[in-house]
Amino acid sequence: MARLNRTSSRSNMRLIGGSSHPELTDLIAKKVGVRAGRVILGKFANNETNVQLQDQVRGQDVYIIQTGAVDSNDAIMELLLLINSCKLASAETINVVTPYFPYSKGDQKSSLRSPITSKLLANMMKRAGADHLMMLDPHSPQLEGFFDHPVDCLKVEPLFCNWIKHHIPNWQDCIVVSPDEGGAKRSVMMANDLGLEFAMIHNRHKKSLNQKPMSPNHSRKVSVCRANDDLTDEIVHVEEETPEELRLTHKMVDKFLKISGDVAGKDCIVVDDMIDTGSTIRLALEVLHSHDSGKVYVFATHGIFSGTCKMILQESPNLEKIIVTNSLPQKLNVETFGSKIEVVDISGMVSEYIRRSHYNESVSVLSTYFSAKDILKPERSRQESVEAAESEDDLGHLELDSPHQRRMRKGFRLESVCWD
């Protein structure tokens, strides 16, 4: 039946990648089965962004891949120019694929006189000519409502659940932990998929910091050195210090950080959407260590690792491994953490999304985790019929237990070449 919906083919698809993550673009293009479009990306002499398409896109279904957090401001400007170039070149549809949506934390006003940056960026992309957007595990669900065109928000829980079952020994005895209240829903979903217990850390330390007046130099120390007492030759040295939210005594940990759930003697799976400054994860590691937990595995979709994040996470004694996706380039982080970090490839999921979107098929199944026994359940007669089936059409006569499982019969592949 799925083949009846294929009103288009690869011949009218164009895949274009920005400069933020060329490795991911190449992986996706290889798995989709098309060649990445040729485009000139650079800077003029006055540092303005230069974008020129080298392939014709008239009447084509265009997919632009550009992620954030890698020189975000340049990446945004480059993305807007790519969108507008395709629009002015008469592309049929313009689909933006942003594994990490830039400025995703700006989904609300942080003070009385601050912007809602995510909404502003959504308006800019719409005016530039975008018709559709895909993002991976947004920082908050409300981000989807900022757009006036269709948005698909994929989740990486299926990939993480698969990694857990294959790489964590005795994973059935682990407990899933949310590092703060904001990540509770995300952690509960993974706990339900794996059938594990759930715990949550109540972090009131951030609120206590927000009530304090901020000093101008609260996060970094500046020392001024003069060469030969010449006031015209001042050298400013900026020394990164430990973030204020990590300057805690044991009494402050007991006072501001509470945990709901029993983690004593259990290996913990901490789940969050991103690791940016690392403060939330480091506080969670401290709380779990004080409650006599076992090894801690940290899962995050987007590994940004900004500022002193790498240093403060490497100092944690109970951190077993950090698992992130390649929604952002991770080469330098792998060199820093070594065996402490594992990168899960999302190119299979994104390429399958592009294929399904291009053929107007459902994409909701991409964010649902199914174990092998859930896809084809049980009765002996059904198992015998599966073994006897010799073609895809025979599988179509099996009665699966849910609409989601019925959509799985075409073959659900997240890691292999997705094109049939």
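Each value, and the rule that gives it
- Residues numbered from 1 in each chain as written.
- Predicted model: local features only at pLDDT ≥ 70, side-chain atom pairs only at ≥ 80, totals over all residues.
- Heavy atoms only, no water.
- Helix = DSSP H or I, 4+ residues; strand = E, 2+ residues; numbered from the N terminus.
- Buried < 20%, exposed > 50% of the residue type's maximum accessible area, 1.4 Å probe, protein only.
- Contact = heavy atoms within 4.5 Å.
- Areas by Shrake-Rupley, 256 points an atom, 1.4 Å probe, with all protein chains shown as cover.
- Pairing = 2+ DSSP bridges.
- Axes fitted to C-alpha atoms, helices over the stretch in contact; angles between N-to-C directions.
- Core = buried A, V, L, I, M, F, W, Y, C linked by side-chain atoms within 4.5 Å.
- Parallel < 35°, antiparallel > 145°, perpendicular 65-115°, else oblique.
- Phe/Tyr/Trp six-rings, centres within 6.5 Å; stacked < 30°, edge-to-face > 60°.
- Polar contact = N/O pair within 3.5 Å; in protein donor to acceptor, adjacent residues only side chain to side chain.
- Left-handed = near helix turned anticlockwise from the far one by under 90°.
- Nonpolar A, V, L, I, M, F, W, Y, C, P; charged D, E, K, R; others polar.

Asker: Looking at this structure, I do not really get the overall build of the protein chain. What am I missing?
Answerer: Scanning the protein chain for helices and strands turns up 15 helices and 16 strands. The burial tally for the protein chain puts 46% of its 420 residues in the buried class. Considering only intrachain contacts with a sequence separation of at least 6, the fraction spanning at least 24 residues in the protein chain is 68%. Here the protein chain displays about 21,600 Å² of accessible surface, and carbon together with sulfur accounts for 50% of that area.

Asker: Hey, could you run me through the sheet that holds strand β16 (residues 341-344) in this one?
Answerer: Where strands meet in a sheet, backbone hydrogen bonds hold them as pairs that are either parallel or antiparallel. Ordered in space as β12-β9-β8-β13-β14-β15-β16, the 7 strands form an open sheet in which the pairing is mixed. Of all strands in the sheet, those bounded by a partner on one side alone are β12 (257-260) and β16. Averaged over all pairs of adjacent strands, the angle between their axes in this sheet comes to 25 degrees, without regard to strand direction. Along the sheet, helix α4 (residues 157-167) contacts β13 (268-275), β14 (296-303), β15 (319-325) and β16; its crossing angle with β14, the most-contacted strand, is approximately 150 degrees. Packed onto the sheet, helix α8 (residues 279-290) meets β8 (175-178), β9 (197-203), β12, β13, β14 and β15 and runs at close to 165 degrees relative to β13.

Asker: Honestly, α4 in this entry has me stumped. Any pointers?
Answerer: Note: α-helices contain 3.6 residues per turn, so residues at a spacing of three or four share the same orientation. What α4 keeps buried is the set E157, P158, L159, F160, C161, W163 and I164. Tucked inside the fold, the buried residues of α4 contact α5 (184-194), β13, β14, β15, β16 and α11 (347-358).

Asker: When you look at the nonpolar core in this model, what are you seeing that I'm missing?
Answerer: Generally speaking, a soluble globular protein has its nonpolar side chains buried in company with each other. Ranked by internal contacts, the top residues of the largest apolar core, which has 40 residues, are I164, I168, I269, F299 and I354. Per-element tally for this core: the top contributor is α4, with 5 residues. When sequence neighbours within four positions are dropped, the list of residues in contact with I269 reads I164, I168, C174, I175, V176, V177, M190, L196, Y297 and F299. Counting residues in each nonpolar core, the second largest holds 28 residues, with A199, I259, V298 and F337 among its members.

Asker: Explain the environment of V151 here, please?
Answerer: Secondary-structure assignment places V151 in strand β7 (residues 151-154). Distance from V151 to N95, taken between C-alpha atoms, is 9.7 Å for residues 56 residues apart in sequence. Those residues in contact with V151, other than ones at most four positions away along the chain, are L133, M135 and E144.

Asker: Even after reading the chapter, I still don't get the packing of helix α2 (residues 72-88) against helix α3 (residues 117-128), so can you show me in this structure?
Answerer: Packed helices, taken two at a time, are described by the angle between their axes plus the distance between the axes. Contact geometry of α2 with α3 gives a least axis separation of 8 Å together with a crossing angle of 25 degrees. If you check the angle between α2 and α3, you find them roughly parallel. Judged by residue contacts, I76, L79, L80, I83, N84 and K87 of α2 engage L121, M124, M125, R127 and A128 from α3.

Asker: How do you make sense of the packing of aromatic side chains when you look at a structure like this?
Answerer: Centre distance and the angle of the planes are the two values used to describe a pair of aromatic rings. Applying the stated rule across the entire model yields 4 aromatic pairs. Both rings, one in F101 and one in F147, keep their centres 5.6 Å apart while their planes meet at 80 degrees; by these two values the pair is edge-to-face. Of the two residues, F101 is situated in the loop between β5 (93-98) and α3 and F147 in the loop between β6 (132-136) and β7; the sequence distance between them amounts to 46 residues. F147 shares its class with F101; the two are buried. An angle of 50 degrees between the planes, with centres 5.3 Å apart, marks the rings of F305 and F337 as tilted.

Asker: Looking at this model, I keep getting lost on the side chain of N333. Mind explaining?
Answerer: Mapped onto the secondary structure, N333 falls in helix α10 (residues 331-337). On the basis of relative accessible area, N333 is assigned to the buried category, the value being 6%. Within the structure, N333 has its side chain in polar contact with the side chain of Q330 (distance 2.7 Å). Sequence-distant contacts of N333, defined by excluding residues within four places in its chain, comprise G303, F305, K310, G338 and I341.

Asker: In this structure, what is going on with the environment of S114? I would like to understand it.
Answerer: Residue placement: S114 occurs in the loop between β5 and α3. Overall, S114 belongs to the buried group, its relative accessible area being 15%. At 3.0 Å, the side chain of S114 and the backbone nitrogen of S110 are in polar contact. A polar contact of 3.0 Å, which involves the side chain of S114, links it to the backbone nitrogen of S111.

Asker: Teacher, can you tell me more about the pairing of β13 here?
Answerer: Side chains on a regular strand alternate between the two faces of the sheet. The buried count for β13 comes to 8 of 8 residues, which makes it a mostly enclosed element. Bridge analysis of β8 against β13 gives 3 bridges, and the strand direction is parallel. Note that in β13 the partner of V176 across the bridge is I269. As judged from the 7 bridges shared by β13 and β14, these two strands associate in the parallel manner. Residue pairing for β14: M274 is matched across the bridge by H302.

Asker: How should I be thinking about the packing of α4 against α5 in this particular structure?
Answerer: Between α4 and α5, the least distance of the axes is 10 Å, while the angle of their chain directions is 50 degrees. In terms of orientation, α4 lies oblique with respect to α5. Every pair of crossing elements has a handedness; the one defined by α4 and α5 is right-handed. Packed against α4, whose contacting residues are E157, F160, C161, I164 and K165, the element α5 presents R186, M190, D193 and L194 at the interface. Classifying every residue of the contact of α4 with α5 by side-chain character gives 5 nonpolar, no polar and 4 charged.

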